[in-house]
Amino acid sequence: MALMTGEQYIESIRKLNMQVYMFGKKIDNPVDDPILRPSLNSVRMTYDLAQKPEYQDLMTAMSPYTGERVNRFTHIHQSTEDLVKKVKMQRLLGQQTAACFQRCVGMDAFNAVFSTTYETDQKYGTHYHENFIKFATYVQENDLTVDGAMTDPKGDRSKAPHEQADPDLFLRIVERRPDGIVVRGAKMHQTGALNSHEIIIMPTQSMKAEDKDYAVSFAVPMDTDGIYMIIGRQSCDTRKLEGSEMDVGNSEFGGVEALVVFDDVFVPNERIFMCGEYDFAGMLVERFAGYHRQSYGGCKVGVGDVLIGAAALAADYNGAAKASHIKDKLIEMTHLNETLYCCGIACSAEGHPTESGNYIIDLLLANVCKQNVTRFPYEIVRLAEDIAGGLVVTAPSEADLRDPKLGPVIDKYLRGVASVSTENRLRILRLIENLALGTAAVGYRTESLHGAGSPQAQRIMIARQGNLEHKKELAKAIAHIKE
Ligand code: SF4
Ligand code: FE
């Protein structure tokens, strides 16, 4: 079974015995929970689209490990063409879900762990690469969704992991056994953890010798003993409990984040990819972050396409579409969105092979991509709200619209152009609200800022990769300076 259907995916998640908490309660059936289900539907789309012949080229790839066609989300990139297709696939999924579809973190962890384990083995004679290939082959053969977990709680940011008042604020090895290790700690903001079969853990920053117990990478099933999740709240999340599909704005799809706790979890030797090789922690972080910064040049662009479309419809529905400033705002939104896409494509096209043979993006361009993503979606949202007007935050509920007495009043006074129903006008405003301020704002706005690393993390990489000395030499040559 190299490719699962969407339905098979849902049923496979249902079989996992995951420990999930929300609003102070254990959720026994997360798959059918009305708050959580839309996020599962988004991941399902990565399976559904892979079944369609018209998307086969984008959504799947030939695996050199299984010899079969696998979902691209489980693929080890073999060329710059693969890197470009990855971004195009993510744009497509953003367009189809208008949400975070979550499966990318595993794909990005896959490719970062693949090359880092290879180079670690070269230096230390370890067998992490072999462990990883075995794991990756298992994931590809079973078409699993894998979460990629990097962000530790970090406590006091001025202190190294071993200096923290509480040693568990970075995930660490607490016991070494002949057959494996025991780990303790937590990973924050874990996108899609509860919709994943497996989770890959990576260190959150470069480490020194004193922090070697924190330099750890491994993969375990999400329902392993000792793992539990506490779901993060999203703005307007409980609207999903009110029974109004219209008021939610995007009732079918969503994203979800969780605090994932590792309460003395056992990891068998064959699932370990780093265990104390602290000098490779930085490489793993840099590569994972680089791939995920590339990813944002695809997924956020796809969601941006939906938002631009929604803003244009809002203008159509209230008769403002022909105003020159509205046209100009839509041009500006498109310009910003396509600039992000240019960055995603450019860092992919300029990729190169690593020592292990898989392909990595151009790190400078990937960081520039993500730096732009920390800004442009905010401006795109501002322009969408500008075009939509204040009704985006003052419109009455669906219950009022359906009420025999109030409904006709709402229909009369909230109508824009006479030929468009008030309901359709309100639906598009609710979608804009969802993307700008509601549950999807997590994925489109704040995640654009902090996901794949906060802005300063990219600036550090841009400083490192920018090669200022080379630029100085260029200037000296032109100015005929001899020192
Ligand atoms: Fe994928 Fe984007 Fe969500 Fe990251 S934020 S998992 S790249 S959809
Ligand atoms: Fe993300």
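You'll find the structure just up there.
Cut-off values and rules
- Residues numbered from 1 in each chain as written.
- Chains lettered and ligands numbered in written order.
- Predicted model: local features only at pLDDT ≥ 70, side-chain atom pairs only at ≥ 80, totals over all residues.
- Heavy atoms only, no water.
- Phe/Tyr/Trp six-rings, centres within 6.5 Å; stacked < 30°, edge-to-face > 60°.
- Helix = DSSP H or I, 4+ residues; strand = E, 2+ residues; numbered from the N terminus.
- Buried < 20%, exposed > 50% of the residue type's maximum accessible area, 1.4 Å probe, protein only.
- Donors = N, O, S within 2.8 Å, 3.2 Å for Na, K, Ca; no water.
- Contact = heavy atoms within 4.5 Å.
- Polar contact = N/O pair within 3.5 Å; in protein donor to acceptor, adjacent residues only side chain to side chain.
- Core = buried A, V, L, I, M, F, W, Y, C linked by side-chain atoms within 4.5 Å.

A.B. asks: Tell me about the packing of aromatic side chains, and name the residues and values.
C.D. replies: Under the counting rule described, the total for this entry stands at 13 aromatic pairs. On the basis of an interplanar angle of 75° and a centroid distance of 6.2 Å, the ring pair of Tyr124 and Phe280 is categorised as edge-to-face. With Tyr124 in helix α5 (residues 104–124) and Phe280 in the loop between β12 (272–275) and α8 (281–318), the pair connects residues that are 156 residues apart, well separated along the chain. Residue Tyr124 is classed as partly exposed on the basis of its relative accessible area, which comes to 39%. Relative to Phe273, the ring of Phe132 has its centre 5.3 Å away and its plane inclined at 85°; by these criteria the two rings are edge-to-face.

A.B. asks: Can you break down the coordination of the iron ion (ligand 2) residue by residue, with the values?
C.D. replies: By definition of the ideal shapes, four donors in a tetrahedron about a metal sit 109.5 degrees apart, and six donors in an octahedron sit 90 or 180 degrees apart. In this structure, Tyr296 (OH) and Glu447 (OE) serve as the protein donors to the iron ion (ligand 2), at separations of 2.3 to 2.7 Å. Of the two residues, Tyr296 is situated in helix α8 and Glu447 in helix α16 (residues 441–450); the sequence distance between them amounts to 151 residues.

A.B. asks: Pulling in residues and values, what's your account of helix α10 (residues 363–373)?
C.D. replies: Within α10, eight of the 11 residues are buried, which leaves the element mostly enclosed by the surrounding structure. Among the residues making up α10, those that are buried are Leu363, Ala366, Asn367, Cys369, Lys370, Gln371, Asn372 and Val373. Looking at the buried side of α10, the elements it contacts are α8, α9 (324–349), α11 (376–388), α16 and α17 (455–465). The backbone nitrogen of Leu364 has a side-chain oxygen 3.2 Å away, supplied by the residue at the start of α10, namely Asp362.

A.B. asks: Give me the nonpolar core: which residues, what numbers.
C.D. replies: One broad rule of soluble globular proteins: the nonpolar side chains tend to lie buried together. In terms of nonpolar packing, the biggest core is built from 57 residues, with Met59, Phe73, Leu93, Leu307, Met333, Leu426 and Ile432 touching the most fellow members. When contributions to this core are tallied by element, the ones reaching two or more residues are α4 (80–97), α5, α8, α9, α11, α12 (391–394) and α15 (422–436). Apart from the residues lying within four places of it in its own chain, the contact partners of Ile432 are Leu307, Ala310, Ala311, Ala314, Ala384, Ala388 and Val392. Ile10, Ile27, Val220 and Ile272 belong to the second-largest nonpolar core, a separate cluster that totals 39 residues.

These figures come from the coordinates and say nothing about function on their own.
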